[in-house]
Amino acid sequence: LIGDSITNGYSSHVTGLLKGQANVDFLATSKNVCDPAFLLELTLATDGYKHTVIHFNNGLHGWHLSDAEYEAGLRRMVAKLRELSPQAQLVWGSCTTAVTLPDKQLDPKTNATVIRRNEIAARVMTELGLPIDDLYAAIVDHCDWHSDSLHFNQEGYAALAASVVKSVNAVMPRP
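Now for a quick tour of the structure. The structure displayed is predicted, hence computed values, not measured ones. (Residues numbered from 1 in each chain as written. Predicted model: local features only at pLDDT ≥ 70, side-chain atom pairs only at ≥ 80, totals over all residues. Heavy atoms only, no water.)

**Quick look at helix α3 (residues 67-84)**
Put simply, the test is: Helix and strand assignments come from DSSP, with helices taken as H or I runs of at least 4 residues and strands as E runs of at least 2, each series counted from the N terminus. A helix is expected to span 1.5 Å for every residue after the first. Working definition: with a 1.4 Å probe on protein chains only, accessible area under 20% of the residue-type maximum means buried, over 50% means exposed, and in between means partly exposed. Every residue pair with non-hydrogen atoms within 4.5 Å of one another is taken to be in contact.
In this model α3 runs 26 Å from its N-terminal to its C-terminal C-alpha over 18 residues, within 8% of the 26 Å that 1.5 Å per residue would give. Of the positions making up α3, those classed as buried are Y70, E71, G73, L74, M77, V78, K80, L81 and L84. Check the buried side of α3 and you find it contacts β1 (2-3), α2 (36-46), β3 (53-56), β4 (89-93) and α4 (108-127).

Given below as structure tokens:
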């Protein structure tokens with residue numbers, strides 16, 4: 001699992017759901033796809049390991065990035081993962097909802113950015129032939145699952161983990 005603090009939140013749930021089926025490693029980072037250190041972190045997390053499936057996302061960081069910069073960063077991310085783990089099936093996880101307001105409603109401005117980034121990512125991943133796990137759809141109607149303006153409570157993380165496991169199971173080879 002590669003992602004941000006949201007990934008960190010659901011990683012233990014995914015590990016539990018895949019117990020006995022798969023070993024789950026994860027990298028949670030606050031670096032955006034255009035941060036040069038991000039590719040170094042990807043290298044440290046994947047180089048030399050024989051991952052079968054890599055479920056990844058990145059989009060809630062780097063709010064300053066233009067759409068073109070974000071797309072270029074996504075393409076570099078996929079290329080780096082393919083270089084480091086050519087045997088792995090890659091699965092893109094869409095960005096989750098952005099900031100919620102104190103009244104547990106989505107902030108229209110930040111959510112519009114998330115929607116736009118998910119559209120960019122969907123186009124790129126479809127072009128590159130990668131499956132997409134729509135994590136946004138798993139939680140968009142559940143602002144009550146937010147524990148703060150950005151993160152989720154256990155119910156939210158459990159729902160995200162269920163979506164991740166479903167998408168991983170769909171591409172994981174069976175003995």
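**Side note on the side chain of R117**
Note the threshold: Two residue types count as positive, namely Lys and Arg, and two as negative, namely Asp and Glu; His and chain ends fall outside the count. When a carboxyl oxygen of Asp or Glu is within 4 Å of a side-chain nitrogen of Lys or Arg, the pair counts as a salt bridge.
By secondary structure assignment, the location of R117 is in helix α4. Lacking a salt bridge, the buried R117 has D67 as its closest oppositely charged neighbour, with an N-O distance of 5.6 Å. When near neighbours in sequence (up to four residues on either side) are disregarded, R117 contacts G59, H61, G62, W63, L65 and Y70.

**Points about the packing of α3 against α4**
Selection rule: Lines fitted to the C-alpha atoms define the axes, with helices restricted to the stretch that makes contact. Angles between their N-to-C directions range from 0 to 180 degrees. Each angle gets one of four labels, with under 35 degrees taken as roughly parallel, over 145 as roughly antiparallel, 65 to 115 as roughly perpendicular, and the rest as oblique. By convention, the crossing between two helices is left-handed when the near helix turns anticlockwise from the far helix through less than a right angle, and right-handed when the turn is clockwise.
Contact pair α3 / α4: the axes reach a minimum separation of 10 Å and the direction vectors enclose 40°. Considering the angle they form, α3 stands oblique to α4. Crossing of α3 over α4 shows right-handed handedness. Contacts between α3 and α4 involve D67, Y70, E71, L74, R75 and V78 on the former and, on the latter, R116, R117, I120, A121, R123, V124, M125 and E127.

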